[in-house]
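# Inside the fold
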Protein chains: 2
Amino acid sequence: MELWEKKVESSTIYDGAIIRVELDQAELPNGTLTRREVVRHPGGVAILPLDAQGRVITVRQFRYPFYTVVTELPAGKLDPGEDHRDAAVRELSEEVGATAGELIYLGSMYASPGFCDEELHMYLALDLTEGPCHPDPDEFLEVERVPFDGLVDRIMKNEVRDGKTIAAVLRAKEYLARR
Amino acid sequence: MELWEKKVESSTIYDGAIIRVELDQAELPNGTLTRREVVRHPGGVAILPLDAQGRVITVRQFRYPFYTVVTELPAGKLDPGEDHRDAAVRELSEEVGATAGELIYLGSMYASPGFCDEELHMYLALDLTEGPCHPDPDEFLEVERVPFDGLVDRIMKNEVRDGKTIAAVLRAKEYLARR
């Protein structure tokens, strides 16, 4: 089976602070023309900071689209042209005030490939040195510590629902078991 | 720390076939007003079909936002008002032509809670009966079979990058280990 689509036309519907929305026309392998709604996103990083006591440092934040508080790993968008490892170092410092002696790349994930090009890079941060946080003035978040196995349990109970957090925690578990 | 935001104003920027884009103004706990770009999405399901030989049935599809072919679990959006278990049964039949004797809920994930309200429900499908697929005429996909452990290996090598696939496969691994 042929698996391709060809961009025929593209127009920008909305160009915002975080996302850009494009409405494209694409040709399918059977010659049909179809519409493609695409959200362009700068991509980001998520960091799993594991402290010397085997606890994961997580953050609780109000997430406006769900209108509720969500437990997540520290994370953030890439600045324009920023390397994702540099972004991981920056976000770890800003959100939880830590630096990592060892920063292990866990791979990336496509958050929602059907309509959005957001790619998230995941890191495991070990050998932490902790200091004060430097959150943005308009960023409200609460730092928590959860034992690693307890976080896996909360994922399995569907109490932790953030996709990048689920992917990074379970990937780190597999990584640490194989190391 | 107070964790809330209050919707002050909302306007719809784009109302499309899959997504609706809203631009809201929200009040933060410090009184500041901020803009919130929100993508509304119907939500969806992803199914991990595990056959009698211990192989996972995956699909390869061209994903326009990344302009490349992506390996994923069978998945799809919810129809309006559709129960997510019914959607899992429907998508499993449409995309891979299978029905499941046992359909186990693995929990849900927020694909990208910073800007989008998409929630994906994940299912493990066992005791499969296989028949012909019924894809949409404009849906081009290739069905593959990958041994479960091989799929975990591909995730760990960063060869499988779809977020829902990573989350569901690693969650199923944990689920099966605990069962």
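Below is a short write-up of the structure. Everything numeric here is computed off the predicted structure, so don't read it as measured data.

This next bit is on the interface of chain B and chain A. On the side of chain A, 74 residues touch chain B, which itself brings 74 residues to the contact. Buried surface at the junction of chain B and chain A, summed over both partners, amounts to about 6,600 Å²; 62% is from carbon and sulfur atoms. When residues of chain B are sorted by the area they lose upon contact with chain A, L3(B), Y64(B) and Y110(B) head the list and together hold 12% of the total. Applying the counting criterion to the chain B and chain A interface returns 6 salt bridges. In this structure, D153(B) and R178(A) form a salt bridge, with 2.8 Å as the shortest nitrogen-oxygen distance.

Ranked by size, the top nonpolar core spans 47 residues in total, and within it L48(A), L124(A), F148(A), L48(B), L124(B) and F148(B) carry the most contacts. Residue assignment for this core shows that the elements contributing at least two residues are β8 (98-110), β9 (119-130), α2 (148-156) and α3 (163-178) of chain A together with β8 (98-110), β9 (119-130), α2 (148-156) and α3 (163-178) of chain B. Not counting the four nearest positions on each side in its chain, F148(A) is found in contact with L48(A), L50(A), G54(A), R55(A), V56(A), V169(A), A172(A) and K173(A).

Before going further, it helps to spend a moment on the pattern of salt bridges. When the charged atoms of two side chains lie near each other, side chains of opposite charge can form a pair. According to the stated counting rule, one finds 42 salt bridges over all chains in the structure shown. One salt bridge in this structure joins R179(B) and E102(B), with 3.1 Å as the shortest N-O distance. Taken together, the residues R179(B) in the segment after α3 and E102(B) in strand β8 connect sequence positions 77 residues apart. By relative accessible area, E102(B) is classed as partly exposed at 33%. Residue E159(B) pairs with R154(B) through a salt bridge whose shortest N-O separation is 3.7 Å. Classification of E159(B) by relative accessible area gives partly exposed; the value is 46%. Given a relative accessible area of 23%, R154(B) falls into the partly exposed group. Put simply, D79(A), E82(A), R90(A), E91(A) and E94(A) are held in one network by salt bridges that share partners.

Before going further, it helps to spend a moment on the relation of the copies chain B and chain A. With an RMSD of 0.0 Å, the fit of chain B onto chain A corresponds to turning through 180° and sliding 0.0 Å along the axis. Between the two chains, the operation in question is that of a two-fold axis. A shared interface surface links the copies, since 100% of the contact residues of chain B are contact residues in chain A too.

Looking now at the sheet that holds strand β6 (residues 68-72) of chain A. Adjacent strands of a sheet form backbone hydrogen bonds with each other and so pair up, either parallel or antiparallel. All names here are of chain A. Ordered by their spatial adjacency, 3 strands build an open sheet running β6-β5-β10, and the pairing between neighbours is antiparallel. Each having just a single partner strand, β6 and β10 (141-147) make up the two edges of the open sheet. Here the strands of the sheet are splayed against their neighbours by 30° on average, with no regard to which way each runs.

Contact pair α3(A) / α2(B): the axes reach a minimum separation of 11 Å and the direction vectors enclose 100°. As summarised for this structure, α3(A) and α2(B) are arranged roughly perpendicular, according to the angle between their axes. In contact with R171(A), E174(A), Y175(A) and R178(A) of α3(A), α2(B) contributes V152(B), D153(B), I155(B) and M156(B). The class makeup of the residues in the contact of α3(A) with α2(B) is 4 nonpolar, no polar and 4 charged.

Definitions and limits used
Residues numbered from 1 in each chain as written. Chains lettered and ligands numbered in written order. Predicted model: local features only at pLDDT ≥ 70, side-chain atom pairs only at ≥ 80, totals over all residues. Heavy atoms only, no water. Contact = heavy atoms within 4.5 Å. Buried area = accessible area lost by both parts, 1.4 Å probe. Salt bridge = Lys/Arg side-chain N within 4 Å of Asp/Glu carboxyl O. Core = buried A, V, L, I, M, F, W, Y, C linked by side-chain atoms within 4.5 Å. Buried < 20%, exposed > 50% of the residue type's maximum accessible area, 1.4 Å probe, protein only. Helix = DSSP H or I, 4+ residues; strand = E, 2+ residues; numbered from the N terminus. Least-squares fit on C-alpha atoms with pLDDT ≥ 70 in both. Pairing = 2+ DSSP bridges. Axes fitted to C-alpha atoms, helices over the stretch in contact; angles between N-to-C directions. Parallel < 35°, antiparallel > 145°, perpendicular 65-115°, else oblique. Nonpolar A, V, L, I, M, F, W, Y, C, P; charged D, E, K, R; others polar.

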